[in-house]
Amino acid sequence: MLRTIIVGTGHHVPERVVTNNDLSKLMTTSDEWITQRTGIKERHFTDGTECGTDLAKVACERALQMAGRTPADVDLIIYATLSPDHEFPGSGCFIQPKLGITPGTPALDVRNQCSGFIYGLHVGDALIRQGLYKNVLLVGAEVHSHGLDFSDRGRDVAVLFGDGAAAVLLSPVEDDSRGVLASVIHSDGRSARDLWLEAPGCFGKPRVNLQHVEEGRHFPRMEGRKVFVNAIQKMPEAVQEVLARAGQKVEDLSLFIAHQANLRICDGVAQRLGLPPDKVYNNIQRYGNTTAASIPLALDECVRAGRLKQGDLVCLAAFGAGYTWGAALLRW
Ligand code: ACO
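The following paragraphs examine the structure supplied in this document.

About the cut-offs
- Each residue is numbered by its place in its chain's sequence as written, counting from 1.
- Only residues with pLDDT of at least 70 are given local features in this predicted model, and only at 80 or more are side-chain atom pairs given and counted; all residues enter the totals for whole chains, interfaces and linings.
- As a convention, hydrogens and water are excluded, and side-chain values are obtained from all of the structure's heavy atoms.
- Only DSSP runs of H or I with at least four residues qualify as helices, and only runs of E with at least two residues qualify as strands; both kinds are numbered from the N terminus onward.
- Each radius of gyration is computed over the set of C-alpha atoms, and the globule rule expresses the reference value as 2.2 Å times the number of residues to the power 0.38.
- Any residue under 20% of the maximum accessible area for its type is buried, any over 50% is exposed, and the rest in between are partly exposed; the area is computed with a 1.4 Å probe on protein chains only.
- By definition, residues are in contact when any of their heavy atoms lie within 4.5 Å.
- All accessible areas in this document rest on Shrake-Rupley with a 1.4 Å probe, and a residue is counted as covered only by the protein chains that are shown.
- None of His or the chain ends enter the tally, which takes Lys and Arg as positive and Asp and Glu as negative.
- To locate a charge, take atom NZ for lysine, CZ for arginine, CG for aspartate or CD for glutamate.
- Lining residues are defined by having an atom within 4 Å of a point belonging to a cavity or pocket. Those points lie on a 1 Å grid over the protein atoms alone, cavities being sets where a 1.4 Å probe fits but cannot get out and pockets being open sets with protein on both sides within 12 Å along at least five of seven lines.
- Grid points are joined across faces, edges and corners, and a volume is the space filled by probe spheres set on the points.
- In the scheme used here, Gly and all other residues not listed as nonpolar or charged are polar, with Ala, Val, Leu, Ile, Met, Phe, Trp, Tyr, Cys and Pro taken as nonpolar and Asp, Glu, Lys and Arg as charged.
- In short, DSSP must find at least two bridges between two strands for them to pair.
- For every element, the axis is a line fit to its C-alpha atoms; helices are fit only across the contacting stretch, and the angle between N-to-C directions ranges from 0 to 180 degrees.
- The definition of a nonpolar core used throughout is a set of buried Ala, Val, Leu, Ile, Met, Phe, Trp, Tyr and Cys residues joined through side-chain atoms within 4.5 Å.
- Domain extents, as shown, originate in an automatic or database domain assignment.
- Basic side-chain nitrogens of Lys or Arg form a salt bridge, by our definition, when they fall within 4 Å of a carboxyl oxygen of Asp or Glu.
- Residue proximity to a molecule or strand is established when one non-hydrogen atom of the residue lies within 4 Å of it.
- Between N or O atoms, a polar contact is any pair within 3.5 Å; within protein, one atom must be a potential hydrogen donor and the other a potential acceptor, and residues adjacent in sequence are included only when both atoms are from side chains.
- Assignment to a cavity or pocket requires that more than half of a molecule's atoms be within 2 Å of the site's grid points.

Observations regarding the overall build of the protein
Working step 1: A count of helical and extended segments in the protein gives 11 helices and 13 strands.
Working step 2: Rg of the C-alpha trace for the protein: 19 Å, near the compact-globule value of 20 Å for 332 residues, within the 12% margin.
Working step 3: Looking at the protein as a whole, 55% of its 332 residues are labelled buried.
Working step 4: The contacts of the protein with a sequence gap of at least 6 include a subset with a gap of at least 24, amounting to 78%.
Working step 5: For the protein, the computed accessible surface area is about 14,000 Å², with 50% contributed by carbon and sulfur atoms.
Working step 6: Where the 35 positive side-chain charges of the protein centre and where its 38 negative ones centre are 3 Å apart.

Here's what the structure looks like:
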């Protein structure tokens, strides 16, 4: 039976580090407020010239190098982002020539925000298990800093996010005991407006106008408390779902990585699951919320730090705008 394994991981963040104190020069906020509410101490922002596919390129090269593959080996690109380089075509098309991937290789764009990586993994895994692809490059990349409202109006959202990219290379293996054992994805569109970026969009004609801009409707807006409550509820549910599907228990897990939305959310999810801190990895303190990049970025740090050994049971979970959420269970 075919299973999907992760054969390479890589990440890349822009050089510029922006601390909470740096943000407090732009808006009324403080290191104390941000740290207490979110756990975030700093994040990386571009210098204004790099776009998502620039960050993704380096992350993908690192993942390919770890896997011992070249861009010519890639037979499917899955690119997850909520901050694409352009409205269309999708960033998957832009990364293809940037990386030197063979023209003709399909490029699938995933627009599922913080759950983008789990959605991409779910789809990539299904296609690999069908025997359709052998080297699926799955990348999550975000440049939030170009689209946040750094005035007091947008401070609840602006302090949360950071720029970054991370990638994995997925390949098939004929070994029932390894790889992706189960994955689930969900959505509830009734809450789509709890966290969203309204304009530009075809809800209006033209897609964006001066009034939208004056009202800040071209910036992300969020009902923070609602998002918080739902994230803490839905991620553990998805984890229990994948564990049940694979016939495993929370106690069997070696490593748990939740989407790095907010340290209080990550801690709340781990607590609900009854996971001890040594089985949980968080890095939001250093990167902020990098949305589609956050799970593979944390995974790559764990891999490179030697935290994972063959046979370990790893669980990944995400929740984000949409609402969308999901989880994946892998035997390393
Ligand atoms: N600095 C200082 N004060 C702020 C800031 C800021 N950056 N942002 C908001 N405030 C103020 C508010 O205006 C409010 O002031 P008021 O009481 O005078 O009206 C006060 O702080 C408290 O605001 P709340 O929104 O009640 O604060 P809360 O404790 O809910 O924390 C937060 C806000 C951190 C956004 C929280 O709701 C949260 O973490 N929500 C989850 C959202 C999230 O993680 N989103 C990430 C994207 S989605 C995802 O990845 C899952």
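Overview of the layout of surface pockets
Working step 1: Quantified by volume, the largest pocket comes out at close to 980 Å³.
Working step 2: Looking at the largest pocket, it is lined by 32 residues, and the ones nearest its centre are Leu-82, Ser-83, Pro-84, Arg-111 and Leu-197.
Working step 3: Class assignment for the residues of the lining of the largest pocket results in 17 nonpolar, 10 polar and 5 charged.
Working step 4: The computed volume of the second largest pocket comes to approximately 480 Å³.
Working step 5: Around the second largest pocket, the lining is made up of 22 residues, and of these Met-222, Gly-224, Arg-225, Phe-228 and Asn-262 lie nearest the centre.
Working step 6: Those elements giving two or more residues to the lining of the second largest pocket turn out to be helix H2 (31-38), helix H8 (224-246), helix H9 (263-273) and strand S12 (313-320).

Quick notes on the sheet that holds strand S1 (residues 3-12)
Working step 1: With mixed pairing, 5 strands are arranged side by side in an open sheet as S1-S7-S6-S4-S5. The open sheet has two free edges, formed respectively by S1 and strand S5 (107-110), since each of these has just one partner strand. Taking each pair of neighbouring strands and ignoring which way they run, the sheet shows an average axis angle of 20 degrees.
Working step 2: Both strand S6 (residues 136-142) and strand S7 (residues 164-173) contribute to a ladder of 7 bridges, which runs antiparallel. Looking across to S7, one finds that Gly-140 is bridged to Ala-166.
Working step 3: Along the sheet, helix H3 (residues 52-67) makes contact with S1, strand S4 (76-80), S6 and S7, crossing S1 at roughly 130 degrees.
Working step 4: Contacting S1, S4, S5, S6 and S7, helix H5 (residues 116-129) crosses the sheet at an angle of about 20 degrees to S7.

Comments concerning the nonpolar core
One recurring pattern in soluble globular proteins is that nonpolar side chains are buried together.
Working step 1: By size, the foremost hydrophobic cluster in this structure holds 48 residues, and its most contacted members are Met-235, Phe-256, Leu-275 and Leu-329.
Working step 2: Elements that contribute at least two residues to this core include exactly helix H6 (155-158), strand S8 (179-187), H8, strand S11 (255-258), H9, S12 and strand S13 (324-331).
Working step 3: Broken down by element, this core gets its largest block of residues, 8 residues, from H8.
Working step 4: Mapped onto the domain boundaries, this core takes at least three residues apiece from domain 1 (3-173) and domain 2 (179-331).
Working step 5: Excluding residues that lie within four positions of it along the chain, Leu-329 makes contacts with Gly-179, Val-180, Leu-181, Ala-182, Val-242, Leu-243, Ala-246, Gln-248, Leu-253, Leu-313, Val-314 and Cys-315.
Working step 6: With 30 residues, the next largest nonpolar core counts Ile-6, Val-180, Ile-257 and Trp-332 among its residues.

Regarding the pattern of salt bridges
Working step 1: Throughout the structure, instances matching the rule amount to 18 salt bridges.
Working step 2: Between Asp-31 and Lys-41 there is a salt bridge; the shortest N-O distance is 3.1 Å. Here Lys-41 lies in the loop between H2 and strand S3 (42-44) and Asp-31 lies in helix H2, a separation of 10 residues in the sequence.
Working step 3: In this structure, Glu-61 and Lys-57 form a salt bridge, with 2.9 Å as the shortest nitrogen-oxygen distance. With Glu-61 and Lys-57 both in helix H3 and 4 residues apart, the pair spans about one turn of that helix.
Working step 4: Judged by relative accessible area, which is 35%, Glu-61 ranks as partly exposed.
Working step 5: Salt bridges linked by common partners bring Glu-198, Glu-215, Arg-217 and Arg-221 together as one network.

Some points on the sheet that holds S13
Working step 1: Spatially, S8-S13-S12-S11 is the arrangement adopted by the 4 strands of the open sheet, whose pairing is mixed. Across the chains shown, the open sheet's two edge strands, defined by having one partner strand only, are S8 and S11. Neighbour-to-neighbour, the strand axes of the sheet open up by a mean angle of 10 degrees, direction not taken into account.
Working step 2: Contacts from H5 reach S8, S12 and S13, with the element oriented near 125 degrees to S8.
Working step 3: Helix-sheet contacts for H8 involve S8, S11, S12 and S13, and the interaxial angle to S8 is about 140 degrees.

Describing the site of the ligand
Working step 1: Taken together, 24 residues lie near the ligand, and Thr-29, Arg-37, Arg-225, His-259 and Asn-262 sit nearest.
Working step 2: Arg-155 is positioned with one of its side-chain polar atoms (N or O) 3.0 Å from an oxygen atom of the ligand.
Working step 3: At 2.9 Å, a side-chain N or O of Asn-289 approaches an oxygen atom of the ligand.
Working step 4: For the ligand, whose unbound accessible area comes to 1,000 Å², protein coverage reaches 75%.
Working step 5: More than half of the atoms belonging to the ligand lie within 2 Å of the grid points that define the second largest pocket.

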